[in-house]
Structures are given as structure tokens and as C-alpha cells.
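# A closer look at the structure
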Amino acid sequence: MWSIKTALQAVATAALLSTAIAAPSPFGGGMTIRQDNGEKMVFCHYMIGIIYVRTSAADYDDDMKRAKAIGIDALAFNIGVDPYTDQQLAYAYESANRNGMKAFLSFDFNWYHTDQAVQVGQMIAKYASEPAQLKFGDRVVASSFAGDGLDVAAMRTAADNDVWFAPNFHPEKGTDFSVIDGALNWIAWPNDGNNKAPKPGANVTVQQGDQAYVTALNGKAYIAPVSPWFFTHFGPEVPYSKNWVFPSDTLWFDRWQQILELQPEYIEIVTWNDYGESHYIGRLDSPHGDDGSSKWVYGFPHDAFLDMAIPFIAAFKAGASDPAPYITEDKM
Ligand SMILES: *[C@@H]1O[C@H](CO)[C@@H](O)[C@H](O)[C@H]1NC(C)=O
């Protein structure tokens, strides 16, 4: 009888054979990868804006336990400027702490403006001493979605802490990478170079994105993205109207293979709970509001993505290129 493990091994073997003739690692031969914490870590992007309905830290506990169980080390709390943000962050940090999860703020520049460096720094300061705050030594970790053009020096001054800042700045925008400590690449899906699906003549792989970041970072820490899917279908009834889909059929498997080949210091799973973009790996029934995405999301739990991540995360942390030894159970 055919098992998932056998199927995975067959596909993995095929993938390894095909990558053997692909381009060499962007790190080049034998270059030491800088480690800021002495260990590989797995982050997961976590939307605070979709869970404003929660009323206690207990409402976060299941998420924290599930994330920890699959090997996620820290959640990147994506925040905008909504009035409920501080209340939800208080619950989230409390729950993270009691469940052995780490966390850091990720400023969403769809909502923050790049002239708000002082506000960004002040938010970092406000949560810097939370027990669950991820720190490298004394350095308070912080990140972003977008934000090119932020005055990083002004942010650092306002933060009143030594900040380990790895934002989602973009090499192709010519942003100064000398003032940051690392960077998150958001683009986890094959694309056209312009935030849409590939088209003839404009076909950019996720690995090309990896290489652009690794080059721009020049030895600084790279947070590489891993995502299962991307589909969104918000009509003109909401101000965040957007309709697009990226090729994702076997992406969850393919991208994990690429990660095991690249072996960056850090990875960020995109996302835990962005239901509206269909790349959630967390549970659909964990308490959250409805941004309008229930129309295409409800009835489609993604729990299996969590199960499938387990051997890949274990292999990533071990520096292994083959997930097979880390598969302990066949499941469908
Ligand atoms: C983009 O490239 C991939 C990999 O080479 C290929 O499978 C796909 O068909 C291409 N897509 C388009 C629209 O050209």
C-alpha cells in the first residue's frame, strides 16, 4: 500500500536529482553564514488585526501550543494602528510567555507610515521588557511588512533599547541595507516581479528573490519566507479590495525543499492566520473576526499544512537536506 512517506520520498528524490544540476547555493562555496543567536530559528507571521474579537490571553493559548508543537520558535506579531492593538498584544505576549513561545513586533506599513519612525520605536520600547519578547542577547528583535524609507536611526533612538531590526525592506528599491541587522523577504510565491502571478516574459522564482536578498544583505541575517498558498478575492465592498492568485499547487513541498538546500539562518512562515490571503496554516476555528474572507475560507481548514511542516522544520534546524529521517508517522 502506497504511503505519503513513500510518495514524499519519491518526490524528494526527484527534486534532489533536478536540483543537482541547478545553480549553486547563493552563499557560494564554503562561506560562513552569520548566526545572530547561535541557532537556526523558525518564525511565523501572525496577524493581530484579524483576532480583535479575543477577550483574554486564554484565547491565544491554543495557537501558541500548536505553533510550539511543530517547532515554531517565535511569532512575528503583525500590527497596524488599530485601537485594539495594545489590548490584543497584551493578551498575546502573556499567552506566549506562559506557553514557552517567543514573539516580536512586525510593523505593517500598509497602515504605519514611513514618517512614523518615532512611533515605531516607541512601540518597540513598550513591549521590549515583555518576558516573551524575542531578544538576541540584549537586542530586541523587530521586523516589518514593507517600510522602505523609514528613518531607522530615528526609530533606534526612540526605541530606547538596542534593536535587532530585520524589516521587509526591498533590495530592488535601492534601500540602504547598511543600517539594518537583517531582512525579511515577503515574496514566497513565484511571481511576475510586480506582486502578481508570473506571466510570459515576467517569471520570477522564489529562489531568485532569495538570491537578491542574500546579495543585498552581504552576510547579514536573511529571513527567508515559506508559504503554502496565496489566493485573495476582496471586491470593491472593502477598502482593501484585491484579487489575485499565485501558483501554489505544490509550493508548500517545493519551498521546503528549497529551504533545506539554502539553509538560511532564519525562516518565516507566511502566515499563521491571514485567512484573507489563504496562506494560513493555523486553525480556522481559532477565534477571529471576519474581514470578508469567510466567503472563500470557511469550510477549508489547513491543518494538514501544520502536520506536513513538522519533518521539514526538524530537518531545517538540524541543517539536513533530507526531511525523510524526520518523518516519524505516515498520515493522510
Ligand atoms: C514560469 O516558470 C516556471 C518554471 O520554469 C514554469 O513552470 C511556468 O510555466 C512559467 N510560467 C509562465 C507564466 O511563464
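Quick notes on the rules
Residues numbered from 1 in each chain as written. Predicted model: local features only at pLDDT ≥ 70, side-chain atom pairs only at ≥ 80, totals over all residues. Heavy atoms only, no water. Helix = DSSP H or I, 4+ residues; strand = E, 2+ residues; numbered from the N terminus. Buried < 20%, exposed > 50% of the residue type's maximum accessible area, 1.4 Å probe, protein only. Contact = heavy atoms within 4.5 Å. Areas by Shrake-Rupley, 256 points an atom, 1.4 Å probe, with all protein chains shown as cover. Near = heavy atom within 4 Å. Polar contact = N/O pair within 3.5 Å; in protein donor to acceptor, adjacent residues only side chain to side chain. Nonpolar A, V, L, I, M, F, W, Y, C, P; charged D, E, K, R; others polar. Phe/Tyr/Trp six-rings, centres within 6.5 Å; stacked < 30°, edge-to-face > 60°. Lys NZ or Arg CZ within 6 Å of the ring centre and 35° of its normal. Axes fitted to C-alpha atoms, helices over the stretch in contact; angles between N-to-C directions. Parallel < 35°, antiparallel > 145°, perpendicular 65-115°, else oblique. Left-handed = near helix turned anticlockwise from the far one by under 90°. Core = buried A, V, L, I, M, F, W, Y, C linked by side-chain atoms within 4.5 Å.

### Describing the overall build of the protein
In terms of regular secondary structure, the protein is built from 9 helices and 11 strands. A buried classification covers 53% of the 332 residues belonging to the protein. Partitioning the contacts of the protein with sequence separation of at least 6, the portion at a separation of at least 24 is 72%. Carbon and sulfur atoms make up 55% of the accessible area of the protein, which totals about 14600 Å².

### With respect to the site of the ligand
The immediate surroundings of the ligand are formed by Pro198, Lys199, Pro200 and Asn203. A distance of 2.3 Å is found between an oxygen atom of the ligand and a side-chain nitrogen or oxygen belonging to Asn203. Here the ligand has 360 Å² of accessible area as a free molecule, and 32% of this is covered by the chains. For the shell around the ligand, the per-class residue count stands at 2 nonpolar, 1 polar and 1 charged.

### Side note on the packing of aromatic side chains
Summed over the entire model, instances satisfying the criterion amount to 30 aromatic pairs. Centroid distance Trp229 to Phe305: 5.1 Å. Interplanar angle 90 degrees. Geometry classified as edge-to-face. Placement of Trp229 in the loop between β8 (221–226) and β9 (231–234) and of Phe305 in helix α9 (residues 303–318) is noted, with a sequence separation of 76 residues between them. Take Phe305: its relative accessible area is 12%, and that puts it in the buried class. A connected cluster of aromatic rings, assembled from ring pairs, spans Phe145, Trp186, Trp189, Phe230, Trp244 and Phe246. The side chain of Arg54 reaches across the aromatic face of Tyr60, ending 4.6 Å from its centre.

### Some points on the packing of helix α6 (residues 206–217) against helix α7 (residues 251–262)
Two elements in contact, α6 and α7, have axes separated by 11 Å at closest approach and are oriented at 30 degrees. Classed by the angle they form, the pair α6 and α7 counts as roughly parallel. With respect to the hand of their crossing, α6 and α7 are arranged in right-handed fashion. Counting all contacts with α6, which are made through Val206, Gln207 and Asp210, the residues of α7 involved are Arg255, Gln258, Glu261 and Leu262. The residue inventory of the contact of α6 with α7, partitioned by class, reads 2 nonpolar, 2 polar and 3 charged.

### Focus on the nonpolar core
Ranked by internal contacts, the top residues of the largest apolar core, which has 101 residues, are Ile72, Phe77, Met155 and Trp256. Apart from the residues lying within four places of it in its own chain, the contact partners of Ile72 are Val42, Phe43, Cys44, Ala67, Met101, Ile269 and Trp272.

### Re the side chain of Thr85
Structurally, the position occupied by Thr85 is in helix α3 (residues 85–98). The buried category is assigned to Thr85, whose relative accessible area is 5%. In contact with Thr85, not counting residues within four places along its chain, are Ile79, Gly80 and Met123.

### Some remarks on helix α2 (residues 58–70)
Note that an α-helix has 3.6 residues per turn; residues three or four places apart therefore point the same way. Those residues of α2 that fall on the buried side of the exposure criterion are Tyr60, Asp61, Asp63, Met64, Ala67 and Ile70. Downstream of α2 by a residue or two, Gly71 has a phi angle that is positive, lying close to 110 degrees.

The quantities given are spatial measurements derived from coordinates; they are silent on function.
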